[in-house]
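One letter stands for each residue in the lines below.
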Amino acid sequence: MKRFWVLFFMFWPLLALYVCWVAPAYDWWFPGAAASPLGQRIDDLFYLILIITTVVFIGTQAALGYVLWTGAQRSDEGSEERAWFSHGSHNLEVIWTIVPAGVLLFIALYQMDVWAEYRIKTSFPEEVRNDPIAEVTARQFEWRIRYPGVDAEGNPLPLMPDPQPTDLYTVNDLHVPSGRPVMINLRTDDVQHSFFLPELRVKQDAVPGLVIPVWFEATKSGEYALLCAELCGWGHYKMKARLVAESETSWQTWLQELKAEQEFDGVVETSEEE
């Protein structure tokens, strides 16, 4: 019966390892490969930490299983082998304090470049640092996007901090050019929200009173999910929008069409013959 309980408690770690092993085949994993260069580097950090924790997990579970199994053997009838008791070991205390601290220090230093590039504005790509293409405002329960207008030749104007008469607006529909870094200004009109692009591995809280720059790069044209990752109220589930990444030409054409749509006054000119 003692060995049954040993096997019972060792079954669950093995099951956990098996489930993790087959998870990608059942789509219980990331939503596909990262669709941005920075997202790929974030995935690399994740896998590095996953490997470290997996090695530690297997090692501790194997040691636990060995202790349980040998303990069960020692308690068999007729066994004269006695358990080994110890009380305190400065050497072991030092080892299992220094080793985890060293691993954590390594992880902290190893990921600094990635997170600096992701979070610190002075480390953003130079071409987007002072050139946001849109302002994204979260509010219960939608995303409002303000784009700068276009000039007479159809070229995008610079985005001003305050709304301008030439600005263009959409709701839950963010369009950006693909294949190059872009930056948005993120803000919220009410409570805290979280701007989340899972396929691009972009996640940034929208904090009341702050305008937060967020940059990313969609490597391929396509449509991606834009979600709120912060429980922001009863209608949180409705804050689903889309990010449309398209070629530079298509993006500028879309801005021109949006401008024409918003400036349309509903009057259709007819010819005199009609």
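Numbering of residues begins from 1 in every chain and follows the order in which that chain's sequence is written. Totals for whole chains, interfaces and linings use every residue, but because this is a predicted model, local features are given only for residues with pLDDT of at least 70 and side-chain atom pairs only at 80 or more, for both listing and counting. Only hydrogens and water are set aside when side-chain values are computed; all heavy atoms of the structure are taken into account.

## Describing the sheet that holds strand β6 (residues 193–197)
The pairing of strands in a sheet comes from backbone hydrogen bonds and takes either a parallel or an antiparallel form.
Move 1: Any two strands between which DSSP finds at least two bridges are classified as paired. Per the convention used, a helix needs a DSSP run of H or I reaching at least four residues, while a strand needs a run of E reaching at least two, with both numbered from the N terminus. Spatial ordering of the open sheet is given by β4-β10-β9-β6-β7, a layout of five strands whose pairing is mixed. In the strand order of this sheet, the two ends are held by β4 (173–177) and β7 (202–206), each with one partner. The mean angle between the axes of side-by-side strands here comes to 20°, regardless of whether they run parallel or antiparallel.
Move 2: Where β4 and strand β10 (residues 240–246) come together, five bridges link them in parallel fashion. Looking at β10, one finds that Asp-173 is bridged to Arg-242. Axis definition: a line fitted to C-alpha atoms, over the contacting stretch in the case of helices. Angles run 0 to 180 degrees between N-to-C directions.

## Topic: the nonpolar core
Move 1: We define the nonpolar core as a collection of buried residues of types Ala, Val, Leu, Ile, Met, Phe, Trp, Tyr and Cys that are connected through side-chain atoms lying within 4.5 Å of one another. Think of it in three bands: with a 1.4 Å probe and only protein chains considered, a residue is buried below 20% of the maximum accessible area for its type, exposed above 50%, and partly exposed in between. The biggest cluster of nonpolar side chains holds 46 residues, and the ones touching the most others in it are Trp-143, Tyr-147, Leu-174, Phe-195, Leu-200 and Phe-216.
Move 2: Here the limits of each domain have been adopted from an automatic or database domain assignment. In terms of domain composition, this core takes at least three residues from each of domain 1 (1–74 + 94–119) and domain 2 (127–263).
Move 3: By definition, residues are in contact when any of their heavy atoms lie within 4.5 Å. The residues touching Tyr-147, leaving out its near neighbours within four places in the chain, are Ile-133, Ala-134, Leu-159, Asp-167, Leu-168, Thr-170, Asp-173, Leu-174, His-175, Trp-254, Leu-255 and Leu-258.

## So, the sheet that holds strand β2 (residues 142–147)
Move 1: The strand order across the open sheet formed by five strands is β3-β2-β1-β5-β8, and the pairing between neighbours is mixed. Whereas interior strands pair on both sides, the edge strands pair on one side only; in this sheet they are β3 (168–171) and β8 (212–216). Each strand axis lies, on average, 25° off the axis of its neighbour in the sheet, ignoring direction.
Move 2: In this structure, strand β5 (residues 182–188) lies alongside β8, joined through five bridges in antiparallel fashion. Bridge assignment links Met-183 to a residue of β8, and that residue is Trp-215.
Move 3: Docked against the sheet, helix α5 (residues 248–263) engages β2 and β3, running at close to 95° with respect to β3.

## Remarks on the packing of aromatic side chains
How two aromatic rings sit relative to each other is set out by the distance from centre to centre and by the angle between their planes.
Move 1: Think of it this way: a Phe, Tyr or Trp ring, Trp meaning its six-membered ring, pairs with another when their centres are within 6.5 Å, and the plane angle makes it stacked under 30 degrees, edge-to-face over 60, tilted otherwise. Taken as a whole and assessed by the stated rule, the structure comprises 16 aromatic pairs.
Move 2: Aromatic side chains Trp-5 and Phe-8 sit 5.5 Å apart centroid to centroid with 80° between the ring planes, which places their arrangement in the edge-to-face category. Pair noted here: Trp-5 and Phe-8 are both in helix α1 (residues 2–22), with a separation of three residues, about one helical turn.
Move 3: Taking the relative accessible area as the measure of exposure, Trp-5 reaches 39% and is therefore partly exposed.
Move 4: One aromatic cluster is present, formed by Phe-4, Trp-5, Phe-8, Phe-9, Phe-11 and Trp-12 through successive ring pairs.
Move 5: For a lysine, the NZ atom is tested; for an arginine, the CZ atom; a charge sits over a ring if that atom is within 6 Å of the ring centre and within 35 degrees of the ring normal. Above the face of the Trp-69 ring, Arg-3 is positioned so that its terminal group lies 5.5 Å from the ring centre.
Move 6: In this structure, Lys-203 packs its charged tip against the face of Phe-196, placed 5.5 Å from the ring centre.

It is worth stressing that arrangement in space is one thing and function is another; only the former is reported here.
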